[in-house]
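# A closer look at the structure
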Amino acid sequence: MHESLPNTIDYVEMPSRNLAATKKFFSALFGWSFVDYGPDYASFDDGRMTGGFFASEKTTDVSAGAPLVVFYRLGVEKMRANVVDLGGQITREIFEFPGGRRFHFREPGGGEFAIWSDK
């Protein structure tokens, strides 16, 4: 369990059309652990932050104005390949921006995320 700190983002909840697929994807991609709270909710712990995924027909999509959760990870090319191998879909190919490179993807439960690296 993490320590809650005032004035910081403490917990993030995100939708998934397929909770089992979302859990499998992030467990394989990042090694996250999950705790189920009934059939429609699972919390995660990434080692630094906690949050959860809830069952929903609607998911996050940048083109609809949803916030984008961005993960930091070295080796964006390898991570892009891992995302695809695990059933994710690339929504924006690797591109450069001031400070690094990143790509966007949709995980099997429908949510859109990004991975970036400064190396």
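Fair warning: this is a prediction, and the values are worked out from it, not measured in the lab. (Residues numbered from 1 in each chain as written. Predicted model: local features only at pLDDT ≥ 70, side-chain atom pairs only at ≥ 80, totals over all residues. Heavy atoms only, no water.)

## A word on the packing of aromatic side chains
- A complete count under the given rule lists 21 aromatic pairs for this structure.
- With 5.6 Å between their ring centres and 20° between their planes, F26 and F53 make a pair best called stacked. Of this pair, F26 sits in helix 1 (residues 19–30) while F53 sits in strand 4 (residues 50–55); the two residues are 27 residues apart in sequence, bridging distant segments of the chain.
- Aromatic pair F26 and F113: ring centres 5.3 Å apart, planes at 80°, arrangement edge-to-face. Within this pair, whereas F26 is found in helix 1, its partner F113 is found in strand 8 (residues 112–117), the two being separated by 87 residues in sequence. Pair check on accessibility: F26 and F113 agree, each one buried.
- Through a chain of ring-to-ring contacts, three or more aromatic side chains come together here, namely F25, F26, F30, W32, F34, F44, F53, F71, F103, F105 and F113.
- We note R92 situated over the ring of F95; from NZ or CZ to the ring centre the distance is 3.7 Å. (Phe/Tyr/Trp six-rings, centres within 6.5 Å; stacked < 30°, edge-to-face > 60°. Helix = DSSP H or I, 4+ residues; strand = E, 2+ residues; numbered from the N terminus. Buried < 20%, exposed > 50% of the residue type's maximum accessible area, 1.4 Å probe, protein only. Lys NZ or Arg CZ within 6 Å of the ring centre and 35° of its normal.)

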